[in-house]
Amino acid sequence: MPNLVVEYADPVAERVNVAGLLDDLHRVMLASGLFEADAVKTRAYPCHNWLIGEDGVKQTFIHIELSLLAGRTIEQKRILTREVMGELEKHAADINSLTIDIRDMDPETFLKVSA
């Protein structure tokens with residue numbers, strides 16, 4: 001059950017093939033061997049309004065939040081972060097800010113209902 005969510009400043013879509021980036025990030029997740037293939041979820045959302053710094057400069061950014069059920073080692077998460085960032089840099093090297101945040105979700109309180 002990983003959720004990879006890409007948030008990006010609107011102008012990014014003019015310089016980056018977001019659909020292609022999403023497809024490649026999804027493949028990185030699948031190739032990691034850390035997850036069941038059917039559980040991997042990858043999606044992207046544009047950010048229409050944002051401010052950065054004291055002057056509110058509208059620089060471009062891509063931020064990835066990766067939520068995982070707890071249980072992977074720090075080393076597994078470091079490797080995954082590097083692999084995801086490597087793919088992100090291939091697509092978006094000229095974007096001002098590229099960031100990734102991996103978060104562990106508590107399996108005792110996570111609830112999923114599937115049809």
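Scroll up a little and you will see the structure.
All of these numbers come straight from a predicted model, not from anything done at the bench. (Residues numbered from 1 in each chain as written. Predicted model: local features only at pLDDT ≥ 70, side-chain atom pairs only at ≥ 80, totals over all residues. Heavy atoms only, no water.)

Asker: Please provide a residue-by-residue account of the pairing of strand E4 (residues 97-105), values included.
Answerer: Pairing of strand E3 (residues 61-69) with E4, which is carried by 9 bridges, proceeds in the parallel orientation. Each bridged residue has a counterpart across the sheet, and for Ile64 the counterpart in E4 is Ile100. You can see the chain leave E3, run along helix H3 (residues 74-92) and come back into E4, and the turn it takes is right-handed. (Pairing = 2+ DSSP bridges. Helix = DSSP H or I, 4+ residues; strand = E, 2+ residues; numbered from the N terminus. Right-handed = clockwise from strand over helix to strand, strands pointing away.)

Asker: Describe in detail the sheet that holds E3, supporting the description with residues and values.
Answerer: Pairing is mixed across the open sheet formed by 4 strands, whose spatial order is E2-E1-E3-E4. Edge strands, defined here as strands with exactly one partner in the open sheet, are strand E2 (41-47) and E4. Neighbour-to-neighbour, the strand axes of the sheet open up by a mean angle of 15°, direction not taken into account. Along the sheet, H3 makes contact with strand E1 (3-9), E3 and E4, crossing E4 at roughly 150°. (Axes fitted to C-alpha atoms, helices over the stretch in contact; angles between N-to-C directions. Contact = heavy atoms within 4.5 Å.)

Asker: Explain helix H2 (residues 18-31) residue by residue, including any values.
Answerer: An α-helix turns once per 3.6 residues; consequently, residues spaced three or four apart project the same way. Taking 1.5 Å as the rise per residue, H2 with 14 residues should run 20 Å; its terminal C-alpha atoms sit 20 Å apart, in good agreement. Listed as buried for H2 are Val18, Gly20, Leu21, Leu22, Leu25, Val28 and Met29. On its buried face, H2 is in contact with E1, helix H1 (12-15), E2, E3 and H3. Phi for Gly33, located one or two positions after H2, is positive at around 75°. (Expected span 1.5 Å × (residues − 1). Buried < 20%, exposed > 50% of the residue type's maximum accessible area, 1.4 Å probe, protein only.)

Asker: With reference to specific residues and values, describe the pattern of salt bridges.
Answerer: Applying the stated criterion to the full structure yields 8 salt bridges. Measuring nitrogen to oxygen at the nearest pair gives 2.5 Å for the salt bridge that ties Arg27 to Asp23. One end of the pair is Arg27 and the other is Asp23, both in helix H2 and 4 residues apart, which spans about a single turn. Asp23 gets classed as partly exposed once you look at its relative accessible area, which sits at 36%. A salt bridge links Asp104 to Lys77, with the nearest nitrogen and oxygen atoms 2.6 Å apart. Of this pair, Asp104 sits in strand E4 while Lys77 is found in helix H3, placing the two residues 27 residues apart along the sequence. One network of salt bridges, with partners in common, ties together Glu65, Asp101 and Arg103. (Salt bridge = Lys/Arg side-chain N within 4 Å of Asp/Glu carboxyl O.)

Asker: Lay out the nonpolar core with the relevant residues and their values.
Answerer: Counting residues in hydrophobic clusters, the biggest one holds 27 residues, and the most contacted among them are Leu4, Val6, Met29, Ile62, Ile64 and Val84. Every element with two or more residues in this core is listed here: E1, H2, E3 and H3. It is H2 that provides the largest number of residues to this core, a total of 6 residues. The contacts of Met29, once residues within four sequence positions are left out, are Pro2, Leu4, Phe35, Val40, Leu66, Leu80 and Val84. (Core = buried A, V, L, I, M, F, W, Y, C linked by side-chain atoms within 4.5 Å.)

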